[in-house]
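# Overview (structure and organization)
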Amino acid sequence: MHRNRRAEGVIGLVRLGKQARSVSIVGVGCTPFKNFEDHPETKGMSEGDAFGYAALEAIQDAGLEPRDIQYFYHGAANPFMIGDSLTPNMQVADWFGVRGIGSVHHSEACCTGYVALQEAVQAVASGTYDVVLSGAVDLAASLPVVDAPGCFRRDFPLSEMLPSIPKVYDRAYGRPFDSAFGISFDNWINKYRWEYDLTAEQIDDALNGVSKSLRHDAVLNPLAFSTEEFEDLAKANGLATADDYLKSFGNPKVTQYLRVTGFEIKCDGAAALVVMPTDMAVARGLDHKVIDVLGTGAAAFEGATPDNEYMGTKEGVRQVYELTGVSPDELDLLFVNDFFLAGDIVAAEEVGYIPRGEAWQYAIDGRLGFEGDKPINTHGGRCNFGHAHGASGVADIVEAVRQMRGEAGATQMPKVPRTTFLRGFGGGQNIRCQILRTHE
């Protein structure tokens, strides 16, 4: 009898093939990640405006014109609910001057942005296209006014958002059992706590340490949602220190471990990138560094699968290290999709970026900020930079590229990174693990 080994939980069977040709990122662009209606630069922008903003910035950054783009990928986590549209790729082409060229829309919830890179790379690595743009947009802080022009938006209350979340889970079992909602926030960090004999207070201190480092990074980034340091918020509330604020009644725990500051800040945003064959990129003589995409590892587990984030990360990490031959000690920078903050601690160890059992102390010691020796999410991550759902993964890549070029402004790492690892996940859960390296 045939046995479905993968259904029995056996993973590690996938062996990735080498790309037919090397592919590099040559252009990046990103809107501010804000509530668009509250921000003067973005007020009144539609999805088309935002995607076009990011796409044109990426095209210009690559030293190209819109006519040079041969194909594009459009990502959004939930275009029907958030954008009042189907096949939105066709609806944005005119906004950046590519009417008529081939394109496709894809949606992998909060993993959309990482899939955006993977698909663009595969299109070029195969030899099908030479110049591909890939981007994503979600106006996640508001909802469309149905049948009105895209610039008209309305509030997006939790009462409307929460019922949409189970839609990424299996209809037969995941949804009836509440999609493991809530449990998934804490299961990996809880496992971590007991594995290393830590107290709940040590975990709390570690998560607050992550919050402080990433908030500082975000405040210095002009594109980020957050603009106030926790020290300033403490002072405004009559408290002495950032730790006092983070442990106050104003920042309660909403799961066993996670406080309000440990969850994503929902916002609007778009980001885009342009890729081409590495030899073409080098021959163009760009005035910035070329960033090679070494490879992508992938896994996916239905949302109610126990330990899905852990298992998916483990498998994606195995694949991408095996494919690229890169070892963890070569990593200079890590990005983690941290729409709940504990991922920054547990994923950093699974990737091998920080020794096992030590990331919690690194967080407390303030070593994870852009000035630290193990920086993570130098733009601030989902809980501080902001989370525009499908667009956030591309925004991670934009920040990684700018750091690797030495163009990250006030949050530029003291030592410009050469090798960056991105761990993305979302949507119950899709996992992508990607490695970028500066071309030399």
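Residues numbered from 1 in each chain as written. Predicted model: local features only at pLDDT ≥ 70, side-chain atom pairs only at ≥ 80, totals over all residues. Heavy atoms only, no water.

### Examining the environment of glutamine 361
Within the fold, glutamine 361 resides in helix 13 (residues 359–364). Residue glutamine 361 is classed as partly exposed on the basis of its relative accessible area, which comes to 31%. It is 39 Å that separates the C-alpha atoms of glutamine 361 and isoleucine 82, two residues lying 279 residues apart in sequence. (Helix = DSSP H or I, 4+ residues; strand = E, 2+ residues; numbered from the N terminus. Buried < 20%, exposed > 50% of the residue type's maximum accessible area, 1.4 Å probe, protein only.)

### Digging into the pairing of strand 4 (residues 132–139)
Across the eight residues of strand 4, eight count as buried, placing the element largely inside the fold. Residue alternation in strand 4 divides its side chains into two sets, Val132, Ser134, Ala136 and Asp138 and Leu133, Gly135, Val137 and Leu139, and both sets are buried. The pairing of strand 2 (residues 71–75) with strand 4 spans five bridges and is classified as parallel. Counted as the bridge partner of tyrosine 71 is valine 132 from strand 4. (Pairing = 2+ DSSP bridges.)

### Quick look at helix 14 (residues 392–405)
When the terminal C-alpha atoms of helix 14 are compared, their 20 Å separation across 14 residues agrees well with the 20 Å that a helix rising 1.5 Å per residue should span. Burial analysis of helix 14 places 14 of its 14 residues in the buried class, the great majority of the element. (Expected span 1.5 Å × (residues − 1).)

### Looking at the pattern of salt bridges
In this structure the tally under the stated criterion is 19 salt bridges. Between aspartate 204 and arginine 259 there is a salt bridge, with the nearest N and O atoms lying 3.0 Å from each other. On the criterion of sequence distance, the pair formed by aspartate 204 in helix 7 (residues 200–219) and arginine 259 in the loop between helix 9 (242–246) and strand 7 (268–277) is long-range, its members being 55 residues apart. Arginine 259 sits in the buried class, given a relative accessible area of 11%. As a salt-bridge pair, arginine 382 and aspartate 396 come within 3.0 Å of each other at their nearest N and O atoms. Placement of the pair is arginine 382 in the loop between helix 13 and helix 14 and aspartate 396 in helix 14, with a sequence separation of 14 residues. For the pair arginine 382 and aspartate 396, one class covers both residues: buried. (Salt bridge = Lys/Arg side-chain N within 4 Å of Asp/Glu carboxyl O.)

These results come straight from atomic positions and should not be treated as a statement about function.
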